[in-house]
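Here is what each chain is made of, one letter per residue.
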Amino acid sequence: MPIIKTQTNIEVYKYLARQKDIHFLSGRSKNKNVTEFVNRCIIDKMKFGADDNVVDVGCGDGSLLAQIANQVKSVTGIVPTDEEEERLISSYKGIANLLFIKSRADSIKCLNSFANKTVCNGVMLLLTDLNEVKRAISELSRITQSGGTLWIGEVAIVDEYSGKNYGKSIIKWLWYMLINGDFLGCYNGLVKALKSKFTSQDFIIQPKKMFSIEADRFVELCILNGLELIEMKTHLTIGINGIPIELKSRMNFIFKKVKS
Ligand SMILES: C[S@@+](CC[C@H](N)C(=O)[O-])C[C@H]1O[C@@H](n2cnc3c(N)ncnc32)[C@H](O)[C@@H]1O
């Protein structure tokens, strides 16, 4: 009955690395269609080309990099734990220009100006505080060459846990979904909890902490680090019927690196 209560967001991914399906590393459990959709949005905007060195900081299941590897010069995925790095390396052995490096967003083990296309999606909200976010922005800027493009996506502009007072209790979590009309979520949560009781499948209870910041303040910090705002849009995801919907609590940003 592996019910695992984690203390930090990084610890969550260490455990996700041992799940049967590598897609769990995207943090979207079984919703592979959402990851495919998000990857498509990034690919549409970033316009990857044959001369690009692409770095994906917090690359999740590595699917974005694997998808574009044969269209670009090199692809590098950054993940914070040994467990994720090992899982990704063994899963994508066949792709010659794909490399994985273990490091954190606020201390990326890449040379200055290594990338001309840098992606960092769904990571800022997992960082612990403003100081770590500031260091991460500085690192994203440092590794991107002048004139290069950065996608910084799924930045939370409100705390999505606000008002959700179920803490680490599974019962309270299921009850919360039930009384808020999320019957499918409640059913899926119950199945997942029961599976972890009667099979070897882990049930990972995440810390209910996320970093959120006003969009304008986030842009200000990026500008201070030599980035110029190109586009700022509400994050799009897809609903159960496959139709794109705006997730108003998160924003996607595209920046150009202008100076060091
Ligand atoms: C929500 S997933 C997003 C994955 C992928 N970017 C996507 O959008 O599908 C978060 C990713 O950030 C990574 N991550 C979490 N904390 C991090 C940190 N401090 N530094 C770098 N990566 C981190 C996780 O390991 C995971 O790969």
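In case you missed it, the structure is sitting above this.
Residues numbered from 1 in each chain as written. Predicted model: local features only at pLDDT ≥ 70, side-chain atom pairs only at ≥ 80, totals over all residues.

This brings us to the overall build of the protein. Helices and strands together make up the secondary structure of the protein, namely eight helices and nine strands. Its C-alpha radius of gyration of 18 Å places the protein within 12% of the 18 Å reference for a compact globule of 260 residues. For the protein, the spread of C-alpha atoms along the three principal axes comes to 50 × 40 × 35 Å. By residue count, 33% of the 260 residues in the protein fall in the buried class. Contacts in the protein between residues far apart in sequence, at least 24 positions, make up 67% of those at least 6 positions apart. (Helix = DSSP H or I, 4+ residues; strand = E, 2+ residues; numbered from the N terminus. Rg over C-alpha atoms; globule rule 2.2 N^0.38 Å. Buried ≥ 20, exposed ≤ 12 C-beta atoms within 10 Å, placed from the backbone. Contact = placed C-beta atoms within 7 Å.)

Strand order in the open sheet formed by seven strands is β4-β3-β2-β5-β6-β9-β8, with mixed pairing between adjacent strands. The outermost strands of the open sheet, each flanked by one partner alone, are β4 (98–102) and β8 (227–238). Each strand axis lies, on average, 20° off the axis of its neighbour in the sheet, ignoring direction. Looking at chain direction, strand β5 (residues 115–121) and strand β6 (residues 144–156) are connected through six bridges and run parallel. Its bridge partner lying in β6, Asn121 is registered against Gly153. Its contacts with the sheet place helix α2 (residues 32–46) against β5, β6, β8 and β9 (244–257), and it is angled at close to 150° to β8. Sheet strands touched by helix α5 (residues 130–143): β2 (53–57), β5, β6, β8 and β9. Its angle to β6, the strand with the most contacts, is close to 145°. (Pairing = 2+ DSSP bridges. Axes fitted to C-alpha atoms, helices over the stretch in contact; angles between N-to-C directions.)

Tracing the backbone shows Lys134 in helix α5. Residues Lys134 and Glu220, 86 residues apart in the sequence, show an inter-C-alpha distance of 11 Å.

Looking now at the environment of Ile42. Of note, Ile42 is situated in helix α2. The class for Ile42 is buried, based on 21 C-beta atoms found within 10 Å. When the C-alpha positions of Ile42 and Leu64 are compared, they lie 8.6 Å apart, and in sequence the two are 22 residues distant. Excluding anything up to four places from it in sequence, Ile42 contacts Leu64, Val119, Asn121, Trp151 and Gly153.

Here we come to the pairing of β8. The pairing of β8 with β9 spans eleven bridges and is classified as antiparallel. Looking at β9, one finds that Ile238 is bridged to Pro244. Connecting the antiparallel pair β8 and β9 is a turn made up of five residues, with Gly242 showing a positive phi of about 85°.

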